[in-house]
Amino acid sequence: MAIAAYFHPKSLSAQQYDQAIKELEAAGAANPPGRIHHSCFGPDGDLMVYEVWESQQAFEEYGPVLMPILHKAGIDPGTPDLMPIHNLAI
């Protein structure tokens with residue numbers, strides 16, 4: 001079952017986000033298997049991330065790759081809200 005993951009860190013700047021994306025690209029992990037959608041939105045300093053994943057397992061498998069890169073960029077993602085997807089229109 002597809003899930004949505006919503007991250008609202010206490011503080012996330014565009015510079016931190018861009019650094020993490022560059023690190024993920026360099027690691028070949030910018031487009032992980034099972035991720036359907038990724039968006040980052042909000043004002044600089046208070047950015048949020050919304051993702052859609054094919055399954056919770058795919059989301060969890062990305063954690064060991066993602067988390068060290070986030071920590072390197074000084075990002076504490078907090079605990080994401082995970083919710084089942086009822087309808088997804090692409």
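Below is a short write-up of the structure.

The rules behind the values
Residues numbered from 1 in each chain as written. Predicted model: local features only at pLDDT ≥ 70, side-chain atom pairs only at ≥ 80, totals over all residues. Heavy atoms only, no water. Helix = DSSP H or I, 4+ residues; strand = E, 2+ residues; numbered from the N terminus. Buried < 20%, exposed > 50% of the residue type's maximum accessible area, 1.4 Å probe, protein only. Contact = heavy atoms within 4.5 Å. Core = buried A, V, L, I, M, F, W, Y, C linked by side-chain atoms within 4.5 Å.

### Overview of the environment of Phe7
So, point 1. For Phe7, the location among the structural elements is in strand S1 (residues 3–7).
So, point 2. Look at Phe7 and you get buried, because its relative accessible area is 11%.
So, point 3. Distance from Phe7 to Gly28, taken between C-alpha atoms, is 22 Å for residues 21 residues apart in sequence.
So, point 4. The contacts of Phe7, once residues within four sequence positions are left out, are Met48, Val49, Glu51, Phe59, Pro77 and Pro80.

### Side note on the environment of Asn87
So, point 1. In this structure, Asn87 sits in the segment after strand S4 (81–84).
So, point 2. Considering only alpha carbons, one finds Asn87 and Ala20, 67 residues apart in sequence, at a separation of 30 Å.

### Regarding the nonpolar core
So, point 1. Counting residues in hydrophobic clusters, the biggest one holds 19 residues, and the most contacted among them are Leu12, Ala20, Leu24, Trp53, Phe59, Tyr62 and Ile75.
So, point 2. The element that contributes the greatest number of residues to this core is helix H2 (residues 56–72), accounting for six residues.
So, point 3. If we skip the residues at most four places from it in the chain, Leu24 touches Ala29, Ala30, Tyr62, Leu66 and Ile69.

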